[in-house]
Amino acid sequence: MFFKMYIMDYSKLKFETRQIHAGLDHTPATGARGIAIYPTAAYRFRDCEHAARLFELSEGGNIYTRLQNPTTSAYEERVAALYGGAGALAVASGMSAILIAVTALASAGDNIVALPFLYGGTYNQFRHSLKRLGIEVRIADSDSPEQIKSLIDSRTRLLFAESMGNPTCAVADLETLSLIAKDAQIPFVVDNTFGAAGYLCNPFDWGANIVVDSATKWINGHGTAMGGIIVDGGNFDWSCGKYPEINGPSAGYHGLNFHEAFGKAAFIVKCRVDGLRDFGPCPSPFDSYLMMIGLETLSLRVRHEVEATRKLAEWLQSHPKVKKVSYVGFDNHPSHLLAKKYFRFGGSAILNVELEGTLDSTIKFVESLKLAAHMTMIGDSITVVTHPASTTHKQLSEADLKAAGVTPTLLRISLGLEDPDDIIDDFKQAFVHVG
């Protein structure tokens, strides 16, 4: 096998245990508790025959860090264990995770169907970059099953959704969408960045086939590294006839059939040996190490952030300068029931507010904050306030802004690890400055 085999059955362990123990090297060579960082570009081959077996994928091992690195392999094993997936692939960013996953499934002349509640960067990749590659992206006007079904045809190669939309926090009906994809014999791909590596939401539990994450967010958790991750659920039937590059002779590997050779891990192996080989968005070993460290405290951090988010949301509800609080934990949120079904605690570590006033007064509020950081970041250990209309969704058209639910006075707030009372005090003084 080309990928590292797991050394134990992690499925018998609780999430909190897996986030610490999965991926650790238990061999007695050094006895080291922590994972080693391997800052190497290449690896020595035992002999020419060994090198040939590695390059033809008949034997697993390290060739070049663009494809695989021992530190990164340990990190991939940990994430796959958290999701209960067949395998994972670490890449340089969340956007590269989407690109690698999509291009492994769709080619020029094909199309993909996506729900409308998308991160601004994903919109741009779908609307512009994939179009230049000849891949049509059909973004639905709504999340109604009827409309989504109407966009799928014989050239559709995947259905894409965010488990919780960025920035509106609209929750996708994962179970319904997975059934639509299954009926169409296409993979259901979920951006689960807001699902915190499966701790808050695990799309595989509801029929998803592939997960992509921006590991920069909750997986890292401290704003110290960029990264993305792709996880293969190992639950799609690649013999359906639509994916000859997975279940058919591979031109890049002398006719090798990934489905026959790698079984449930066929997709993730293709992403590695084709996507990383040809596009090259590999993470550095040091960044993979930082992701491993971040994962060890993920459940503790996320639980605190969800509780802090609810406390801030409750305080903002009664503030006279707040027009609307949008928090999935409140029963007036359109996705409240879906959040209760799909997300642990029925909430999230993100909330949105629309302020009274104008674009200028909203900007003044943001610039008056002292503790909360003005950045385009979520899932950090510090609280972040983002103004999507002038940052993450700046490139969108008016129609796309409306579809994404982005208004001039909308703020996306990602709670960090501070005491929420201090964040509330920071908001109080910022409102005073608005006047």
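All values reported here derive from a predicted model rather than from experimental measurement.

Caption draft 1: Representation of the pairing of strand E7 (residues 228-232) in the model. Of all five residues in E7, five are buried; the element is thus mostly enclosed. Of the two faces of E7, the one carrying Gly228, Ile230 and Asp232 and the one carrying Ile229 and Val231 are both buried. Pairing analysis gives five bridges linking strand E1 (residues 87-91) to E7, with the strands arranged antiparallel. Following the sheet pairing, Val91 is matched in E7 by Gly228.

Caption draft 2: Spatial organisation of the sheet that holds strand E2 (residues 111-114). Spatial ordering of the open sheet is given by E1-E7-E6-E5-E4-E2-E3, a layout of seven strands whose pairing is mixed. The open sheet has two edge strands, E1 and strand E3 (136-139), and neither has a second partner. Going across the sheet, the axis of each strand differs from the next one's by a mean of 20°, ignoring polarity. Here four bridges tie strand E4 (residues 156-162) to strand E5 (residues 188-191), and the two strands are oriented parallel to one another. From the neighbouring strand, Glu162 faces E5, where its bridge partner is Asp191. Against the sheet, helix H7 (residues 174-184) makes contact with E4 and E5, and its axis sits at roughly 145° relative to E5, the strand it touches most. In this fold helix H9 (residues 266-279) packs onto E1, strand E6 (210-214) and E7, with an angle of close to 25° to the strand it touches most, E1.

Caption draft 3: Local environment of the confidence of the model for the chain. When pLDDT is averaged along the chain, the result is 93; 96% of the residues meet or exceed 70. Note on residues 1-6: pLDDT is under 50 here. Beyond four places in sequence and across chains, it has 29 contacts.

Caption draft 4: Broad picture of the side chain of Asn220. Its location among the elements puts Asn220 in the loop between E6 and E7. Polar contacts involving the side chain of Asn220 include one to the main-chain amide nitrogen of Gly223, which spans 3.1 Å. A polar atom in the side chain of Asn220 sits 3.1 Å from the side chain of Thr224.

Criteria and thresholds
- Residues numbered from 1 in each chain as written.
- Predicted model: local features only at pLDDT ≥ 70, side-chain atom pairs only at ≥ 80, totals over all residues.
- Heavy atoms only, no water.
- Buried < 20%, exposed > 50% of the residue type's maximum accessible area, 1.4 Å probe, protein only.
- Helix = DSSP H or I, 4+ residues; strand = E, 2+ residues; numbered from the N terminus.
- Pairing = 2+ DSSP bridges.
- Axes fitted to C-alpha atoms, helices over the stretch in contact; angles between N-to-C directions.
- Contact = heavy atoms within 4.5 Å.
- pLDDT = per-residue confidence, 0-100.
- Polar contact = N/O pair within 3.5 Å; in protein donor to acceptor, adjacent residues only side chain to side chain.

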